[in-house]
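# Report on the structure
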Amino acid sequence: MSDPRFDAPVFIKEIFQTTIDTARTPYFYNDGGAPTYLGQPPAGVVPLTPVETNPQLAFGHEFTVAEVLGVKPTLPYGIETQLGFAASEVAFEPLWATPDIAAAFGITLVRPGQAVELSSPVAELQQIEYEYGVFAGHWSPYQNTGNTLLSVVCTDLEHHNFPHVFASTDPTQPLVISVGRYWPKLGKIRLADLWVPRGCALYIPPKPADGNAACIDLHNNRNSARACWGNIRQNSIVTHTLLQSEHGFFYWYWNALSTVHGRPVDIG
């Protein structure tokens, strides 16, 4: 086999996009696993109270942030901050997304039959159905590697001033969202992979920059198909994401060390 022509792996594929007017339909309702946006919650459904950031909550593996190696404006898109970890390798703790664990990263878990009111400085958002491949996280926008598929994955997290809904809509696999909570003044960060059960969703409210905040909540969904590793028949998942697809301003936090991503101990 001197010239093996393997099928190209799925990276990130957009399947379908629809516009959500959050002024007219401000409620996200998890309709039996289907992400739905309504003017009012259904009769008998009391909306969840979105979690407030509590800096005392801490889940995930903790690492010392020894220094900030650089801050790089990449206007008009955002600002990159490179963090230096006092570690030789970085492991994201794999955790099933429960209300308490999600709250430790400023996130509200929305189970089937539950609703939450959205907050957004931008009325018009997009819900996009994506297909994410297992290699979607194996790319670095920071390390001058271009579009090379990498054998390692760096820490790559963000926050921004628009909301997200990450809906776990694949028919067979859970959704995996990488998250972090960074305490700049304490020089520490907690890192985890939240495994979102099929049919559930995560609501992340707008998280603008705040120089006085005790902690910064971060996320990234390029490792969405992490649950497919080891499955010879499935190497991608389908998921739905609410986001601002154009003109968003991002705050990226990254570290160059290779990362480890496992599976929750209680997974089947």
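Residues numbered from 1 in each chain as written. Predicted model: local features only at pLDDT ≥ 70, side-chain atom pairs only at ≥ 80, totals over all residues. Heavy atoms only, no water.

What follows deals with the sheet that holds strand β16 (residues 236-243). With respect to topology, 6 strands assemble into an open sheet ordered β1-β9-β16-β11-β14-β7, the strand pairing being antiparallel. Sheet topology places β1 (12-21) and β7 (108-110) at the edges, where each strand pairs with a single neighbour. Neighbour to neighbour, the strand axes of the sheet diverge by 20° on average, direction disregarded. Bridge count for strand β11 (residues 164-167) against strand β14 (residues 201-204) is 4 bridges, and the pairing is antiparallel. From the neighbouring strand, Val165 faces β14, where its bridge partner is Tyr203. (Pairing = 2+ DSSP bridges. Helix = DSSP H or I, 4+ residues; strand = E, 2+ residues; numbered from the N terminus. Axes fitted to C-alpha atoms, helices over the stretch in contact; angles between N-to-C directions.)

The subject of this paragraph is the layout of surface pockets. Here the idea is plain: a probe the size of a water molecule rolls over the atoms and shows the empty space left. Quantified by volume, the largest pocket comes out at close to 710 Å³. When residues of the lining of the largest pocket are traced back to their parent elements, those giving at least two are β1, β9 (124-133), β10 (155-160), β11, β16 and β17 (250-255). Taken together, the residues of the lining of the largest pocket break down into 15 nonpolar, 9 polar and 5 charged. Along its surface, the second largest pocket is lined by 28 residues, and His159, Asp210, Ala213, Cys215 and Ile216 are the ones closest to its centre. Elements with a contribution of two residues or more to the lining of the second largest pocket: β4 (61-74), β5 (78-85), β15 (216-220) and β17. Here the element with the most residues in the lining of the second largest pocket is β5; it accounts for 3 residues. Tallied by class, the residues present in the lining of the second largest pocket amount to 18 nonpolar, 5 polar and 5 charged. (1 Å grid on protein atoms, 1.4 Å probe; cavity = no way out; pocket = protein on both sides within 12 Å on 5 of 7 lines; lining within 4 Å. Points joined across faces, edges and corners; volume = space filled by probe spheres on them. Nonpolar A, V, L, I, M, F, W, Y, C, P; charged D, E, K, R; others polar.)

It is worth stressing that arrangement in space is one thing and function is another; only the former is reported here.
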